[in-house]
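Chain residues, written in single-letter form:
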Amino acid sequence: MTIVAVAVGLMGGSASAEPVKVGMITTLSGGGAGLGIDVRDGFQLALDQAEGHEVELIVEDDQQKPDVAVQIADEMIQSEDVDILTGIIFSNLAMAVVPSATAQGRFYLSANAGPSQLAGEMCHENYFSVSYQNDNMHEAAGAHANDAGYGRVFIMAPNYPAGQDSLTGFKRFFEGEVAGEVYTQLGQTDYAAEIAQIRASDADAVFFFLPGGMGISFLKQYDQSGVELPLIGPAFSFSQDILPAVGEAALGARNTAQWSPDLDNAANQAFVASFREAYGRTPSLYASQGYDTANLILSALETAHPDDADAFRSAVEAADFESTRGDFAFGPNHHPIQDIYVREVVEADGELTNRIVGVALEDHADAYADQCRM
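Quick caveat: nothing in here was measured; it's all calculated off a predicted structure. (Residues numbered from 1 in each chain as written. Predicted model: local features only at pLDDT ≥ 70, side-chain atom pairs only at ≥ 80, totals over all residues. Heavy atoms only, no water.)

We now examine the confidence of the model for the protein chain. In this model, the protein chain carries a mean pLDDT of 93, and residues with pLDDT of at least 70 account for 95%. Every residue in residues 5–16 is under pLDDT 50, and counting partners more than four places away or in other chains gives 34 contacts. (pLDDT = per-residue confidence, 0-100. Contact = heavy atoms within 4.5 Å.)

Glancing now at the side chain of Ser-284. Inspection of the secondary structure puts Ser-284 in the loop between helix 10 (266–279) and helix 11 (285–301). For Ser-284, a relative accessible area of 1% puts it in the buried group. Here Ser-284 is in contact with Asp-38, Ser-239, Gln-240, Asp-241 and Trp-259, once residues within four sequence places are set aside. (Helix = DSSP H or I, 4+ residues; strand = E, 2+ residues; numbered from the N terminus. Buried < 20%, exposed > 50% of the residue type's maximum accessible area, 1.4 Å probe, protein only.)

It is worth spelling out the side chain of Asp-135 at this point. Within the element layout of this structure, Asp-135 appears in the loop between strand 6 (127–129) and helix 5 (136–147). Looking at Asp-135, its side chain comes within polar contact range of the side chain of Arg-172, at 2.9 Å. With near-sequence residues (within four places) excluded, Asp-135 lies in contact with Ser-116, Asp-165, Thr-168, Gly-169, Arg-172 and Tyr-368. (Polar contact = N/O pair within 3.5 Å; in protein donor to acceptor, adjacent residues only side chain to side chain.)

This next bit is on the packing of aromatic side chains. Per the counting criterion, the structure on display carries 20 aromatic pairs. When the centroid spacing of 4.8 Å and the interplanar angle of 50 degrees are considered together, the rings of Phe-208 and Phe-218 count as tilted. Separated by 10 residues along the polypeptide, Phe-208 in strand 9 (residues 205–208) and Phe-218 in helix 8 (residues 213–225) bring together distant segments of the chain. You can call Phe-218 buried: its relative accessible area is 0%. Considering the side-chain rings of Phe-218 and Tyr-222, the 5.4 Å spacing of their centres and the 35 degrees angle between planes classify their relative orientation as tilted. Of this pair, Phe-218 and Tyr-222 both sit in helix 8, 4 residues apart, which is roughly one turn of the helix. Tyr-222 sits in the buried class, given a relative accessible area of 4%. (Phe/Tyr/Trp six-rings, centres within 6.5 Å; stacked < 30°, edge-to-face > 60°.)

Dropping the structure here:
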């Protein structure tokens, strides 16, 4: 275990002087490493800026393997006695870790993965998604495809829980015809067969969800293929961690997100500036989610320690913090109600980034809350 941060200096009015241990299980190696690094760095930045509570952050690499994530979680709970867990990027790992962690009385605050099962029938009072529910951005992409006038869309995602949620979400809001529906392998790097199917599909646009290295590989190969159908994706497919590797092939693509570096509120402007100063790069969606998750935890600690589970849970539910997204609230299943924006990849100040061009869905909640019984 590596203890990577301690934020100290307890306020006289704090609820408890007991140190709080946060266990971060995230992907720091392999094709998804950039995602986990950004979540970690955003979380760390919030701790570095914090005053008022002693927070010990313990970070471990799950290697994008469910069995490794479970082993780390068990060690953090049983040996390190962490109060809160966070950080998992991929939904198959979240499904392996979260139910056991919450059953053992620990809080899990998700800085990324938001599988539908945990929003619905498998919801738990100690589980909060601070990011989104998996379907949300894809639902917004479906709504945007309607607004853009696309009648036939080829859709594609990896075959794991978040990929399944993504295509379900897109189809929930898209009113046209699905020209083809393909599930790829998780971690796949060769998309020649899928691009051939796109070419033959008679589609007028392509929607794809391929985070991390998968998205980089697909976008490069798609650009070289000569297929010129417009691309739509969630933010994960055009995240700040992907754009430098993809280059100009991503210019002009539209994507959907609950956050963007140009989102005009004071908390976000301060976050983007401080992240650039601390790390020398523009933050991604993942970094913003890590930052928000840490600040939510810190705000709850102003009221209660996790040892008082009921009080701490109520403090988290109140979401009394300045989110980089502006307005932020939890629904009854502990998943966000928030705006989802349409962004476009542009070149600004010598780098590729995203700029908001509209709102796809306003004050949007997830489709599974009525299945949650807490």
